[in-house]
Amino acid sequence: MNSPYPTISSSKVEGTNVYNLQGDKLGSIDDLVIDKRSGQVRYAALEFGGFLGVGTDRYPLPWNMLKYDTTKDGYVVNLDKTQLDNAPRYAEDEAPNYTDEYGRKVYDYYGFPWM
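Residues numbered from 1 in each chain as written. Predicted model: local features only at pLDDT ≥ 70, side-chain atom pairs only at ≥ 80, totals over all residues. Heavy atoms only, no water.

Here the focus is the overall build of the protein chain. A tally of regular secondary structure across the protein chain gives 2 helices and 7 strands. For the protein chain, buried positions account for 35% of its 115 residues. When contacts within the protein chain are restricted to residue pairs at least 6 apart in sequence, those whose partners lie at least 24 apart make up 42%. (Helix = DSSP H or I, 4+ residues; strand = E, 2+ residues; numbered from the N terminus. Buried < 20%, exposed > 50% of the residue type's maximum accessible area, 1.4 Å probe, protein only. Contact = heavy atoms within 4.5 Å.)

Next up on the list: the side chain of Asn 20. Structurally, Asn 20 can be placed in strand 1 (residues 17-20). Using a relative accessible area of 2% as the deciding quantity, one classes Asn 20 as buried. Excluding its chain neighbours within four sequence positions, the residues that come into contact with Asn 20 are Leu 26, Val 76, Val 77 and Leu 79.

Along helix 2 (residues 100-110), the residues that are buried comprise Tyr 102, Gly 103, Val 106, Tyr 107 and Tyr 110. Taken end-on, helix 2 shows its buried residues confined to a sector of 130 degrees, consistent with a single buried face. Residues Glu 101, Lys 105 and Asp 108 are exposed on helix 2 and point more than 90 degrees away from its buried face. Residues of helix 2 that are buried make contact with strand 3 (41-48), strand 4 (57-62) and strand 7 (90-91). (Arc of directions from axis to C-beta.)

Structure representation (structure tokens):
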């Protein structure tokens, strides 16, 4: 992914590892949620937990929370695994309706201002 280009296809983002500031792998990007009107990415769904991909939950993270690190070839977030204990999440087959109310809840949890 070490590319001189400023954009990336969503298919290349999906599956990319996510690390915390200490370098611990938290999971990987499962999906991106895009605002239909503005075209901006609102969330990256972090796949975390479970065993060998079974029983994993999805944690929507505000997109601007993730910073790409070329040395890790992955995204880094200022997030501890224990913060995910009470974080908004859903099972793979139970994706929520991404309403503005839901978005505010997610952004508030992580301390980011809503869009």
